[in-house]
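# Architecture and fold: a report
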Amino acid sequence: MAVVGLFIVLRAFAGYYTDFLWFDSAGYQEVWVTRFLASAALFGILGVLAWAVLWGNVVLAGRFSPGFVSFNPEGDGPERLGGWLQPRVRRLFGILAIAFAALNGLAATVWTQDVLFFLNREDFGIADPQFGLDVGFYVFTLPLAQDIISWLFQILVLAILLSIAVHYVNGGIRITAGEPPIVEPGARAHLSILLAGIAIVRAVGYVLDRYGLTLDQRAGEFVFGAGMTDVTIRIPALNLLALVAAATAVALIVNIWRRGWTLPIVSLGLWIVVALVVGTGVPALYQRLAVNPNEFDRESEFIVRQMQSTTEAFGLADVEARPFAGTPDLDQDDVIANRETLDNIRLWDPPVIASTFDQQQAIRPYYELGDVDVDRYEIDGDPTQVMLTSREVDVGGIQSRTWVIDHLVYTHGFGGVVSTAADVVNRLPNYLVSDVPPRTESPELETTLEGNRIYFGETYDPDSFVIAGSETPEVDFPLDGDATETHSYTGDGGVAVGNIFRRALFALRYSDFNILISPQIGDRARILVERNVQSRVAEVAPFFNQDSDPYLTIQDGRLTWIVDLYTVSDSYPYSESALSAEAISRLPRALPGTNPLPNQFNYIRNSAKATVDAYTGEVTVYVIDEEDPLASAQQRIFPNSYRSAADVPDELRDNFRYPEDLFRVQSDVWVRYHVPAEAPGQFYSGENVREIPNDPADLVAGGIVRQALRGDVTAGTRPMVPYYLLMKLPEEDELSFVILQPFNPRERPNMQAFLVAESDPEEYGRLVDYRLGRQTQVAGPSQVRANIDANDAVAQQLTLWDQQGSEVIRGNILVIPIEESFIYLQPLYLQSEAEQFPQLERVVTVYGDDVVLTNTFEQGLERIFGEGTVPGGDDDDGEAPDDGTDGDGEIPPDAEQLVAQIEAAYDAADAALAAGDLGEYQAQIEEARRLTIDLLELLAQAAG
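Heads up: these notes are all about the structure in this document. A quick note: this is a predicted structure, and the numbers were derived from the prediction, not measured.

### Remarks on the sheet that holds strand β16 (residues 526–528)
Across the sheet, which stays open at both edges, the three strands sit in the order β12-β16-β15 with antiparallel pairing between neighbours. The outermost strands of the open sheet, each flanked by one partner alone, are β12 (466–468) and β15 (495–496).

### Remarks on the nonpolar core
Counting 206 residues, the largest nonpolar core has V621 and F857 as the members making the most contacts within it. Per element, the largest residue contribution to this core is ten residues, and it comes from helix α8 (residues 228–254). Excluding anything up to four places from it in sequence, V621 contacts Y28, V540, A541, L565, A608, K609, A610, Y642 and R643. Residues A61, V166, V201 and L215 belong to the second largest nonpolar core, which totals 21 residues.

### As for the pairing of strand β27 (residues 767–772)
Taking burial as the measure, the six residues of β27 include five buried ones, the bulk of the element. In terms of strand pairing, strand β3 (residues 320–324) meets β27 through five bridges, oriented parallel. Among the inter-strand pairings, R322 is bridged to a residue of β27, identified as Y770. Bridge analysis of strand β26 (residues 753–758) against β27 gives five bridges, and the strand direction is antiparallel. Across the sheet, residue V756 finds its bridge partner in β27, namely V768.

### A short note on unusual backbone geometry
Of note, the amide linkage connecting V436 to P437 takes the cis form, showing an omega dihedral of -10°. Position of P437 among the secondary structure elements: in the loop between β9 (428–434) and β10 (439–440). Backbone geometry places E747, a non-glycine residue, at a positive phi of 60°. If you trace the backbone, E747 turns up in the loop between β25 (735–745) and β26. We classify E747 as exposed; its relative accessible area is 68%.

Reading the values: rules and limits
- Residues numbered from 1 in each chain as written.
- Predicted model: local features only at pLDDT ≥ 70, side-chain atom pairs only at ≥ 80, totals over all residues.
- Heavy atoms only, no water.
- Pairing = 2+ DSSP bridges.
- Helix = DSSP H or I, 4+ residues; strand = E, 2+ residues; numbered from the N terminus.
- Core = buried A, V, L, I, M, F, W, Y, C linked by side-chain atoms within 4.5 Å.
- Buried < 20%, exposed > 50% of the residue type's maximum accessible area, 1.4 Å probe, protein only.
- Contact = heavy atoms within 4.5 Å.

Next comes the structure, spelled out in structure tokens:
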């Protein structure tokens, strides 16, 4: 038993000390020390205070009782219990007092964040409309006050229970079968004081509950926050209950000098009656009889409060509303004028291209490609939207696994993969960075060898570790044949484990004896823990919440991760809570231990951004919204840990994106709260409520699942997620990198509006709501999908692919605002039985009633708007697009012969199908496919 206890103590010490070593190595010792000291202080102070209250009352109970009494060991239950307790009373209750005190002290450590925020609080500069208190009181002070009241109530209840037990053992309380308990004067005085303490605590609790009315919504009531019933009935009722509780405390004190319990019982009965009648019954009747029959008139003032507070709390108060005609008035000149936008329209959906990347760029079984992100870079002087992912190490792909292989050899991934979002080369991505070691012709994307090594990534297990810089060579990247380049880590990430003491500590931490005894761990070795970038950031920024999608960037020749950080609260008065069950379904799955957005909150700001160097693991946290009081409080809590917005390098700022999780939350709130506060009647009636249209894409085929979404992935059954576009906004002259969310009217398929948020440094965070006229009928995504399905060319092509046994993947329908009109685009991907990854086969372009199916988006634009719409056609060098001719506009004679053979094969296939000969039908379809490939090759040769 002693050995087990010693092991537990040593393991705990190893955990704490290695945590300290890790924070020290990461440069965030201040974060660990501050949190540790705050938690230790709470545990010590409140633990001692709890012990003093509990043990003090045990002692007082002993003194106020007449003394030990004799218990009959053959008597009833209370008699036998008293006989057992009597000789053990001081020792037993002393142990119980220490145990309960320790548990209460330990429970109080969860207040660490509340206490630190309270000590570093500041005003929001906004007064709540009911009590006139600054919002900072609700966010910083009220949560801690409620914690303290709850803790005091719990301690006093425990003190009463212990005191009753001691009084019983010492004769202060005597229980005789069939008779009421006899309570001696000393016991009555003692218990009266404790009960009075509970009544006083509850009285203070009632006062605090008044403020809590601004943070909740009662069942059956429209307003979130204090409404008409709350202001008229519940707040006065809580004031009355506080007075009744205080009066009950006075009655209990007076009862010290009286015999019996009549006065306290009457006071308690009155308290219960008031609580039931005034606290529950009267508000329900008032709501039903006085408010509900004329709800809007009664609640309009409070609805306005709710509308103003909610939009302010979610950063939506300054959304710019602009009209958008939505008319089909585009001409060729408009399309040419917006070529920069159209040249950057994303043809590759992230989950689709992720599968293609994985098959083409994983290179070796021990590499794993991460989530594909959308970003933008200047390539050859032009802003270009790109798709980017990391190539990380995955020892699960290795057949022969040993401890050395898992922890010393395969320590890191290598390089990233970058392709343009809008280009296709032979139905595959147009790679800007590819292969290992990475190759690129774009100077903007060049990286050093060191900068390519990914020791810290987004796919790594937060609980795993590797030991870098050991005596064992680490696999760096593959060479030609079976050869492999090796590397020995030279960075300063992780904790140096050269000495035996540290090795023993980490061996205890991970229950891994090999760390202690391996001869390969030399003086230069460093153990890399918290290798997952999200868990790494969560450790050094513990009071920030985190976006679910870190994204990779190329900064100064190095691979660098960016993680968006949020400050959130559930204590903003009158602000409606953000996340309903439907909204939660739109948020990505969170990695355990990364402090994601909570299930309920009613205030959010994207107050900070963190970067993580993929090689060294260095974490830098920049507070970019220094006007946010929650972020400012954290800067004061950890004054030496976080940098200011002025310290952000320009190159890094150029790759900041408006975060997708925040935009999803804001979009969900905006479906109701786009109505101006001056029109509470519209908000109340819901006549102008929007909804997020269902996603008409089908990304399930070929094993491709929307990794970023929870729940059902069947097309048309879940709301669309917003998407990034590099585009020129209507009425603006410069390209902007925006994230866009379309809206429909509630339960209607047509488009009503779209919301965009800008990411460029000059306009970062600007939100614009483009609103179509109420009488304007513009097709929404589901209607566009229906129009595509009804198109004969699309239907025939899909049927042909299905007959060939290929799997069709219908990508996202993108809504593209151009001038005052919309162009829609849906890529069609094909995954054949022979290929293990999808390829972009066709593009459907929709404008008004025109639905065209072409090989490229550019061809679709030309089909709709006329030849010459896209200068140079599919090529940027000004050459005419490849139209399959031999250069003089004539089709080669051999091509005409092949076309005739293809037609004959299809006719034969139709005849076989009509005759029920499925074998002959399949043979003729395969022949037609072979001849089609020959035709394409011939045309390609003719075109040079």
